[in-house]
Amino acid sequence: MATTKHALAGSRGAHARAILGSKLHDRLPNVKVLLVGAGGIGCELLKNIVLAGFGHITLLDLDTIDLSNLNRQFLFRKKDVKQSKALVAARTASAFNPNVHITPIHGNIKDTQFDLAWFQGFDIVLNALDNLDARRHVNKMCMAGNIPLVESGTAGYLGQVQPLLKDRTECFDCIPKPTPKTFPVCTIRSTPSQPIHCIVWAKSYLMPQLFGEDEDSTDELDQAEEQGENAEEVENLRKEAQAFKYVRSALRSPATASGAAKMAFQKVFHNDVLNLLSMEDMWRFRDKPVPLDYDLIRDDQFTLRGQVASVADIATNSAPQTNGVNSKGEHLNGSAVGTNGTSAASGPGGKPSQGLKDQRALSLRDSWALFVSSTERLAARLTSGKETIISFDKDDDDTLDFVTAAANLRAAAYGIQGKSRWEVKEMAGNIIPAIATTNAIISGLIVLQALHLLRSAYGALRNVHVQFKPSAPLSAIRLSPPNPRCGICRDAYAPLRCDPSRVTLSEVINGVLGGSGREVSTYEDKRMLSDPDFDDNLDRTLESLNVMSGKFFSVVDEDGDLETITLAICNLPPDHPADGPAMILPDPLPQPAQKAKPIVTPSSAPSTPQRAPKRPAPDSADGEQPAKRPRTDIPGVSPSKSRKLEEDGLILLDGEPMEEDIVVID
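Parameters at a glance
- Once a new chain begins, its residue numbering starts again from 1 and follows that chain's sequence as written.
- For a predicted model such as this one, the threshold for reporting local features is a pLDDT of at least 70, and the threshold for listing and counting side-chain atom pairs is 80 or more; totals across whole chains, interfaces and linings nevertheless cover every residue.
- Side-chain descriptors were evaluated using all non-hydrogen atoms of the structure, hydrogens and water having been removed beforehand.
- A helix here means a DSSP run of H or I that spans at least four residues, while a strand means a run of E at least two residues long, and both kinds are numbered starting from the N terminus.
- Exposure classes here rest on a 1.4 Å probe applied to the protein chains alone. A residue is buried below 20% of its type maximum, exposed above 50%, and partly exposed in between.
- Contacts were defined at the residue level, with two residues in contact if any of their heavy atoms lie within 4.5 Å.
- Here, Shrake-Rupley sampling with a 1.4 Å probe gives the accessible areas, and only protein chains in the shown set may cover a residue.
- Think of a polar contact as two N or O atoms within 3.5 Å of one another; within protein, one of them needs to be a possible hydrogen donor and the other a possible acceptor, and neighboring residues in sequence only count if both atoms come from side chains.
- Salt bridges, as used here, are contacts in which a Lys or Arg side-chain nitrogen is within 4 Å of a carboxyl oxygen on Asp or Glu.
- Only rings of Phe, Tyr and Trp enter the pairing, Trp through its six-membered ring, and a pair is recorded when the two centres are within 6.5 Å. The plane angle decides the type: under 30 degrees is stacked, over 60 is edge-to-face, the rest tilted.
- To estimate the expected span of a helix, subtract one from its residue number and multiply by 1.5 Å.
- Orientation is described by axes fitted as lines to C-alpha atoms, over the contacting stretch for helices, and by angles from 0 to 180 degrees between their N-to-C directions.
- When an angle is under 35 degrees it counts as roughly parallel; over 145 it counts as roughly antiparallel; between 65 and 115 it counts as roughly perpendicular; any other value is oblique.
- We call a crossing left-handed when the near helix sits turned anticlockwise from the far one by less than a right angle, and right-handed when that turn is clockwise.
- For two strands to count as paired, DSSP must find a minimum of two bridges between them.
- Confidence scores labelled pLDDT are given residue by residue by the predictor and lie between 0 and 100.
- Patch building starts from residues that exceed 30% relative accessible area and form no salt bridge, then joins like charges within 9 Å and nonpolar side chains (Val, Leu, Ile, Met, Phe, Trp, Tyr) within 5 Å.
- By the counting rule applied here, Lys and Arg register as positive and Asp and Glu as negative, while His and the ends of each chain are not counted.
- By convention, charge coordinates are those of NZ in Lys, CZ in Arg, CG in Asp, or CD in Glu.

Scanning the protein for helices and strands turns up 19 helices and 18 strands. Taking all 666 residues of the protein together, 46% fall into the buried category. By sequence separation, contacts in the protein at least 24 residues apart represent 66% of the contacts at least 6 residues apart. Only carbon and sulfur atoms are counted for the fraction: they give 53% of the accessible area of the protein, which is about 33,500 Å².

Written as structure tokens, this is what we have:
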């Protein structure tokens, strides 16, 4: 016994055992933890949990190491640049504790292979992510699987750690997050005046138009017209949308893909600009843009503000011109007039300084060359058949190059200051500069909260903030309960193991409802699959509806009385017999709770009439909830259509007629 105590006292975990207690310390080697993200917080956090003795760590990250990461992500070295963050971080951290097993995965946490069954293989999940969409996805998975999650984030000197546990604490989506700033559609697409306008246009408009889904932009333009934007301008944008379809086809055809870059360039930076210039009223009080010419820039014969394309700065601060006009008010329109200002980033003779590749200023011809090469690379990905749509990702070099080039070319046409590739990545990817010290503090706090969750010490959990206050740098507050009207953590979750190619939508609905017969609508994310008045998809398989493993399938009560049932689609078990049933229903079936009804007090009631919430009946004058109005079946109108009329404020009365037929307007 004395020998055992002496061995423990001399072991590397002696201090940890004394602090954590033998029970928790002995459990740590068997804990399975998922760490999502190997960036600034992720590197510090991986080091911490390895040294703490978490036995089985799965590290997942989609990104590769960039030179700019090395000032704060200390598991990487210069020789590791362009390699997978997850693989390198795991290799480096493994040397800290040989008793820990680290499984690195270079992938996207939103990939369908990482379904609910995969998440449920972990005891706890630690988030070290840098984007809102992925955070929401992990939050939903953890709420569905009732898996403890520790959420975190930093912004400069500020940081936050938030432990999340279904039914005990609020989830990540219980409190609405600020929405990204938006810009009027016509400002983005016709009259930009700032670099961010050009970047948003390239990322959110041009990129989807050329490489994304073939969507009809009619609704967006109709809305812009209704909001009072220039009718002539909107009509011109409608014509642009039609012209894009031809360019899209060229990018996807092997026979025409090689010339698609020129086609796209001429359409966007030449023809569209000429079309805008033809609308004289638009330029009465603003400067005119300059049409760019593909062939002249390629041959270095195009001049912009007195400089040929190979050395032409894109509206640098030293040039006292904006939007294609010099200081004397003369429109340049690509001719050799104007000043010969060069940027601070230019070297001798006006040539761009090499410096760091991502941080050097791009000339007009640099941007042209980058546009051509990135467009050809993206077109090759489409024609290979491996991808049908390509979306912007700040960590995808091809898409980042395309957005950088397109934004700078548009800036050149409109006389707006250009941005380096690094600046575009920051602005398009919504990146906030990180500080190593903040990451280290937050990582330590994450481990503390994770230990509380593992020992089920829920009363000790705290929401911790790192503040820019020298007198009180840390703020710890008790956790709030779940928001009763949260659309994520209040759902009734259950896994549905099935073969999507053999199971139909109606079979899933009938199986999950257990024959209750209540009216429901079904959704995959925000995409409606069926409702009581739309049953075209009921006999289709889940596979034909693109409801596959890793996705969520929601069953929404039409009356609005019950919470939503959300099914996490998972594959059948590996040992499931080939001739066995195509679907394994959850046992027991999910039982959604009653929805929380909003309470409206007389003092808080709005002074002007407002449309009532979708389902709940309005409160009576004395504050008591009236009995639910009986359903009225109207000849020729389905019950759900009848309810829709009621939602719009119309109550159709039946039974004994009064003195007159009355329609009550809410």
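The structure having been displayed, the exposition proceeds.
Structurally, D557 can be placed in strand 14 (residues 552-557). Owing to a relative accessible area of 7%, D557 belongs among the buried residues under this scheme. Within polar-contact distance, the side chain of D557 engages the backbone nitrogen of G560 at 3.1 Å. Apart from the residues within four sequence positions on either side, D557 is in contact with R518, E519, V520 and L562.

The full count for this structure, using the stated rule, is 27 salt bridges. Between E44 and K47 there is a salt bridge, and its shortest N-O distance comes to 3.2 Å. One end of the pair is E44 and the other is K47, both in helix 4 (residues 40-52) and 3 residues apart, which spans about a single turn. Using a relative accessible area of 10% as the deciding quantity, one classes E44 as buried. For K47, a relative accessible area of 26% corresponds to the partly exposed category. Note that R298 is salt-bridged to D295, the shortest N-O span being 3.3 Å. One end of the pair is R298 and the other is D295, both in helix 13 (residues 294-298) and 3 residues apart, which spans about a single turn. Overlapping salt bridges bring together R377, R381, E387, D396, D397, D398, D401 and R421 as one network.

A complete count under the given rule lists 14 aromatic pairs for this structure. Ring centres 6.4 Å apart and planes at 40° place the aromatic pair W201 and Y205 in the tilted group. Of this pair, W201 and Y205 both sit in helix 9 (residues 195-211), separated by 4 residues, roughly a single helical turn. Comparing W201 with Y205 shows no difference in burial state: the two are buried.

What follows covers unusual backbone geometry. Apart from glycine, the bulk of residues carry a negative phi angle, and the bulk of peptide bonds sit in the trans form. In the segment running from D587 into P588, the intervening peptide bond is cis, with an omega of 5°. With a phi close to 60°, S456 is a non-glycine residue in the positive phi region. Structurally, S456 is set in the loop between helix 17 (436-454) and strand 9 (463-466). The class for S456 is partly exposed, based on a relative accessible area of 43%.

With 7 of 9 residues buried, helix 18 (residues 505-513) lies mostly within the body of the structure. L505, S506, V508, I509, G511, V512 and L513 are the residues of helix 18 that are buried. Where helix 18 is buried, its residues meet strand 11 (492-498), strand 12 (520-524), strand 13 (527-530), strand 14, strand 15 (565-570) and strand 16 (583-584). G514 occupies a position one or two residues after helix 18 and carries a positive phi of about 65°.

Next up on the list: the environment of V447. Within the secondary structure, V447 sits in helix 17. Taking the C-alpha atoms as reference, V447 lies 7.0 Å from I49; in sequence the two are 398 residues apart. In contact with V447, other than residues within four places in its own chain, are L45, N48 and I49.

Attention now moves to helix 14 (residues 364-383). The first and last C-alpha atoms of helix 14 sit 28 Å apart over 20 residues, in line with the 28 Å expected at 1.5 Å per residue. For helix 14, every residue scored as buried is listed here: L364, S367, W368, L370, F371, V372, S374, T375, L378, A379, R381 and L382. Positive backbone phi, approximately 85°, marks G385, located one or two places after helix 14.

All right, on to the environment of G39 then. Within the fold, G39 resides in the loop between strand 1 (32-36) and helix 4. In the structure, G39 is positioned 34 residues away from Q73 in sequence and 6.4 Å away in space, judged by C-alpha atoms. In this structure G39 touches D61, Q73 and K85, once residues within four positions along its chain are discounted.

A few words now on the packing of helix 12 (residues 260-277) against helix 15 (residues 397-414). Put simply, helix 12 and helix 15 touch, their axes get as near as 11 Å, and they point 30° apart. Relative to helix 15, the element helix 12 is oriented roughly parallel. Once helix 12 is placed against helix 15, the crossing between them reads as right-handed. Facing F265, F269 and L276 of helix 12, the residues of helix 15 in contact are A406, L409, R410 and Y414.

Before going further, it helps to examine the sheet that holds strand 16. Pairing between the strands of a sheet is mediated by backbone hydrogen bonds and can be parallel or antiparallel. A sheet is described by the order of its strands in space; here 6 strands give the open sequence 13-12-14-15-11-16, paired in mixed fashion. The open sheet has two edge strands, strand 13 and strand 16, and neither has a second partner. Both strand 12 and strand 13 contribute to a ladder of 3 bridges, which runs antiparallel. Each residue of the ladder has a partner; that of E524, found in strand 13, is R527.

Scored by pLDDT, the protein comes out at a mean of 79, with 76% of its residues at no less than 70. Overall, residues 5-9 carries pLDDT values under 50, and its contacts beyond four positions in sequence, including any with other chains, amount to 3 contacts.

Residues Y157, L158 and F468 make up a contiguous nonpolar surface patch of roughly 370 Å² in combined accessible area. Relative to the elements of secondary structure, Y157 occurs in the loop between strand 5 (149-155) and strand 6 (158-164).

Strand order in the open sheet formed by 8 strands is 3-2-1-4-5-6-9-10, with mixed pairing between adjacent strands. Each of the sheet's edge strands pairs with one partner strand only, and the pair in question is strand 3 (101-106) and strand 10 (474-477). Ignoring strand direction, the axes of neighbouring strands in this sheet form an average angle of 15°. Relative to strand 5, helix 7 (residues 132-145) is tilted by about 165°, and along the sheet it contacts strand 4 (124-127), strand 5 and strand 6. In the packing of helix 17 onto the sheet, contacts are made with strand 4, strand 5, strand 6, strand 9 and strand 10, and the angle to strand 5 comes to roughly 165°.

With that out of the way, let us pick up the pairing of strand 12. Counted residue by residue, strand 12 has 4 buried out of 5 residues, so it is predominantly covered. Two elements, strand 12 and strand 14, share 5 bridges in a ladder whose sense is antiparallel. Of the residues in strand 14, the one forming a bridge with E524 is F553. Here strand 12 folds back onto strand 13 in antiparallel fashion, the turn holding 2 residues, of which D525 has a positive phi close to 60°.

Let's shift gears to a negative patch on the surface. Residues D533, D535, D536 and D539 make up a contiguous surface patch of negative charge. Structurally, D539 is set in the loop between strand 13 and strand 14.

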